[in-house]
Amino acid sequence: MIGVAALWIGVLLLGGGLALDRVLVGSVESNFDNQLNYVLTAMIASSQIDPDGEVLFNRPLGDQRFLEPNSGLYWQISGKGSPVYPSRSLWDRTLPVDIDRTYLKPHFRDVDSFQGEPLRLVERTIILPDSDTRWNFAVAQSTETVKQDVKELRSTLLISFAILGIGLVVMAALQTFYGLWPLRQVRLAIAEMRSGRKSRITDPFPEEVMPMVGELNALLDHNEKQAEEARRHAGNLAHALKTPLTVVMNAATARAPDLDQVVMRESTTMRRQVDHHLARARAVGRRGHAHSRAAVWPSLESVERAVGRLYEHVRLDISGDKHAVVACERQDLDEMLGNLIENAAKYGGGSVFVTVEECEARVEIQIEDDGMGIPEIERERIFARGARLDTGKPGTGLGLAIVRDVAEIYEGGITLEESEDLGGLLARLWLPKAAV
């Protein structure tokens, strides 16, 4: 950042310095020419022809340098067929004028006929009263003074712009260090968290940095929550597997005659527990995706086709918002809807009705059937792992438990009610609406 700032400042100052140099040097040179033209005009205004035909001044020119030899300021009047009238400062030299050319307006040019003394010359052709001669009036001045002025001007510009550039670069460096200093503080705070001295970034920071600090703390909360969930799931799974394994080991140690039945029964129990915790683990892992979204209607149609092949006698109707989108992974949404609709088809009387409604911040999916329903006192117990009210049909008793756990992972939920239209069970599942 400092390098880019220094480069940009250098480019701007160089461009500005060149432009200012051109303007100021042009102004100095223009002022120099104006002074020469002023002297030329004054000399023409005071010239006249005497009775002998010579050019005279009716009043002396004010600059004393015209009287000092080799002073650097000269004038000369020349006419074709007439003698040359030079200033005393020319001494034995003459200005290189062309009397054969006519200059109706002041004509400026640089001449170097005087060795070691470059001149700026202005000349003009005038016909004086009482004379038919075309007189060439010329004024010349050494350019050493203007060159010295330009040199001092450029030196002042260079020093000023150098100081300005250094000051701007120093200011940019200080601004960069000061602006990035909070990020260094964040880095130190992260190092302290990694070493275990802190758990969160709590130091005050500028408003521009606080959103990043907030997001970082939120990420830490999210990671800790996931780690805690993973530890809890691992503990729950270990506890759930401990009892069946103990039963199997005791039966094997005692050489029980029904060992094979015990192994099969307890293995089924362990499989249910593993399936349940794997489903939760998958949902927790996929929840970390910030842009998780799934369209409800295509998922319902997919589940409808699968359930229709398993339960051909069941009539399944779907209605509601076809454009609803939830903040959930498609695989988890399919698993939740599949469990709920399959339960409705399995335990219902042959009719299943699904309604999709979109509220302000969530999408609600209602699954109704015309079965016997679930008594109100049993509706909470049915969510327990392995709980089943109808043991006459195949199943593991984990469907509703998985649905509730996965829905809660996505900050949703599920409730069981009585269907007013069909008279059976109404499962009301809601999930957060996906951001547009």
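Residues numbered from 1 in each chain as written. Predicted model: local features only at pLDDT ≥ 70, side-chain atom pairs only at ≥ 80, totals over all residues. Heavy atoms only, no water.

S.K.: Residue-level account of the pattern of salt bridges, with values.
M.R.: Per the stated rule, a full pass over the model turns up 17 salt bridges. Across the salt bridge formed by D100 and K80, the nearest N and O atoms sit 3.7 Å from each other. With D100 in the loop between β4 (85-86) and β5 (107-111) and K80 in the loop between β3 (73-79) and β4, this residue pair connects regions lying 20 residues apart in the sequence. Judged by relative accessible area, D100 falls into the exposed class, the value being 56%. The class of K80 is exposed, set by a relative accessible area of 60%. It is possible to trace a salt-bridge network through shared partners that takes in R362, E364, E417 and R428. (Salt bridge = Lys/Arg side-chain N within 4 Å of Asp/Glu carboxyl O. Helix = DSSP H or I, 4+ residues; strand = E, 2+ residues; numbered from the N terminus. Buried < 20%, exposed > 50% of the residue type's maximum accessible area, 1.4 Å probe, protein only.)

S.K.: Which residues make up the sheet that holds strand β7 (residues 135-142), and what are the values?
M.R.: Pairing is antiparallel across the open sheet formed by five strands, whose spatial order is β4-β3-β7-β6-β5. Both outer strands of the open sheet, β4 and β5, are each paired with one neighbouring strand and no more. Bridge count for β5 against strand β6 (residues 119-126) is five bridges, and the pairing is antiparallel. The residue bridging H107 from the neighbouring strand is E123, located in β6. Against the sheet, helix α1 (residues 2-45) makes contact with β3, β5, β6 and β7, and its axis sits at roughly 140° relative to β7, the strand it touches most. (Pairing = 2+ DSSP bridges. Contact = heavy atoms within 4.5 Å. Axes fitted to C-alpha atoms, helices over the stretch in contact; angles between N-to-C directions.)

S.K.: An account of unusual backbone geometry is requested, with residue identities and associated values reported.
M.R.: Among all residues save glycine, negative phi is the norm, and among peptide bonds the norm is trans. You will see that N70, though not glycine, has its phi angle at about 55°, which is positive. By secondary structure assignment, the location of N70 is in the loop between β2 (55-57) and β3. Positive phi, close to 50°, is recorded for R255, a residue that is not glycine.

S.K.: Please give an account of a nonpolar patch on the surface that cites residues and values.
M.R.: A surface patch of nonpolar side chains, amounting to about 450 Å² of accessible area, comprises L7, W8, V11 and L12. Note on placement: W8 falls in helix α1. (Patch = residues over 30% accessible without salt bridge, like charges linked within 9 Å, V, L, I, M, F, W, Y side chains within 5 Å. Areas by Shrake-Rupley, 256 points an atom, 1.4 Å probe, with all protein chains shown as cover.)

S.K.: I'd like to hear about the packing of aromatic side chains, residue by residue, with values.
M.R.: This structure, assessed with the given rule, holds three aromatic pairs. Measuring from centroid to centroid gives 4.9 Å for F57 and W75, while their planes differ by 65°, and the two rings are edge-to-face. Here W75 lies in strand β3 and F57 lies in strand β2, a separation of 18 residues in the sequence. F57 sits in the partly exposed class, given a relative accessible area of 26%. Judged by its relative accessible area of 13%, W75 falls in the buried class. For the pair Y85 and W135, a centre-to-centre distance of 6.1 Å together with 55° between the ring planes defines the contact as tilted. Placement of the pair is Y85 in strand β4 and W135 in strand β7, with a sequence separation of 50 residues. This pair shows no difference in class: Y85 is buried, exactly as W135 is. The lysine or arginine in question, R93, covers the ring of F114, its NZ or CZ lying 4.1 Å from the ring centre. (Phe/Tyr/Trp six-rings, centres within 6.5 Å; stacked < 30°, edge-to-face > 60°. Lys NZ or Arg CZ within 6 Å of the ring centre and 35° of its normal.)

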